[in-house]
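Listed below are the residues making up each chain.
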Amino acid sequence: MANYGPSYGSLAENQAKIAGKRSVDLDQQAQQWIEAVIGEKFPKCSYEDALKDGILLCKLINKLQPGSVAKICTSGGGFKLRENVSAFQTAARAYGLPDSELFQTVDLFEKRNIPQVTQCIHALGRHAQKKKFDGPTLGPKMSDSHQREFTEEQLRAGQGMIGLLNEGMNKGANQAGQNFGLSRHI
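The sections below set out a description of the structure shown in this document. Small disclaimer: the values here were computed from a predicted structure and weren't measured. (Residues numbered from 1 in each chain as written. Predicted model: local features only at pLDDT ≥ 70, side-chain atom pairs only at ≥ 80, totals over all residues. Heavy atoms only, no water.)

## What about the nonpolar core?
By size, the foremost hydrophobic cluster in this structure holds 33 residues, and its most contacted members are Trp-33, Leu-51, Phe-88, Ile-121 and Leu-124. Those elements that place two or more of their residues in this core are α2 (24-38), α3 (47-52), α4 (55-64), α5 (78-95) and α7 (114-130). Here the element with the most residues in this core is α7; it accounts for seven residues. Those residues in contact with Leu-124 that lie beyond four places of it in its chain are Trp-33, Leu-60, Ile-61, Leu-64, Phe-88, Tyr-95 and Leu-97. (Core = buried A, V, L, I, M, F, W, Y, C linked by side-chain atoms within 4.5 Å. Buried < 20%, exposed > 50% of the residue type's maximum accessible area, 1.4 Å probe, protein only. Helix = DSSP H or I, 4+ residues; strand = E, 2+ residues; numbered from the N terminus. Contact = heavy atoms within 4.5 Å.)

Structure follows, in structure tokens:
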């Protein structure tokens, strides 16, 4: 992590909140899934350091959607390696991940929000199941939407129900107002 010095106030609170969200179990599940999908072990370093250069993430998305990342940079400075992370994010978005489940490059590269990185990997695992990936799975299967269609007759019958519900609620409100009015005169 980049050395920013001690943090105080709301910055310290935010950093503590992010650190509190981190789950070693979820990190391990994500690591095991990535290793199973790409067929290689993480290097002998921490989870976030292994993912930092984006190489493993690019290999992962290429296994799920072949050809998603055309060129993976394996050497070069920090800027070149950040391109891997950016390429992964673009490919994950194209794979179907919404922006709310993606992480920002600094979340990983500067280790600012590792729980968000892990959440992204788990979301990718759910989407892989939905897209019928026949490899290892991660997390619960996403549910499919079930569109309901109602006839005009059913819709008309439902309109009368709303009125009945509102009448019952208003009845109690009117009585409460009357009781309040009586207590003022005493």
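## Quick look at the packing of α4 against α7
The N-to-C vectors of α4 and α7 enclose an angle of 10°; their axes lie 11 Å apart at closest approach. By the angle between their directions, the pair α4 and α7 is classed as roughly parallel. Together, Leu-57, Leu-60, Ile-61 and Leu-64 of α4 and Ile-121, Leu-124 and Ala-128 of α7 make up the contact between the two elements. When its residues are assigned to classes, the contact of α4 with α7 shows seven nonpolar, no polar and no charged. (Axes fitted to C-alpha atoms, helices over the stretch in contact; angles between N-to-C directions. Parallel < 35°, antiparallel > 145°, perpendicular 65-115°, else oblique. Nonpolar A, V, L, I, M, F, W, Y, C, P; charged D, E, K, R; others polar.)

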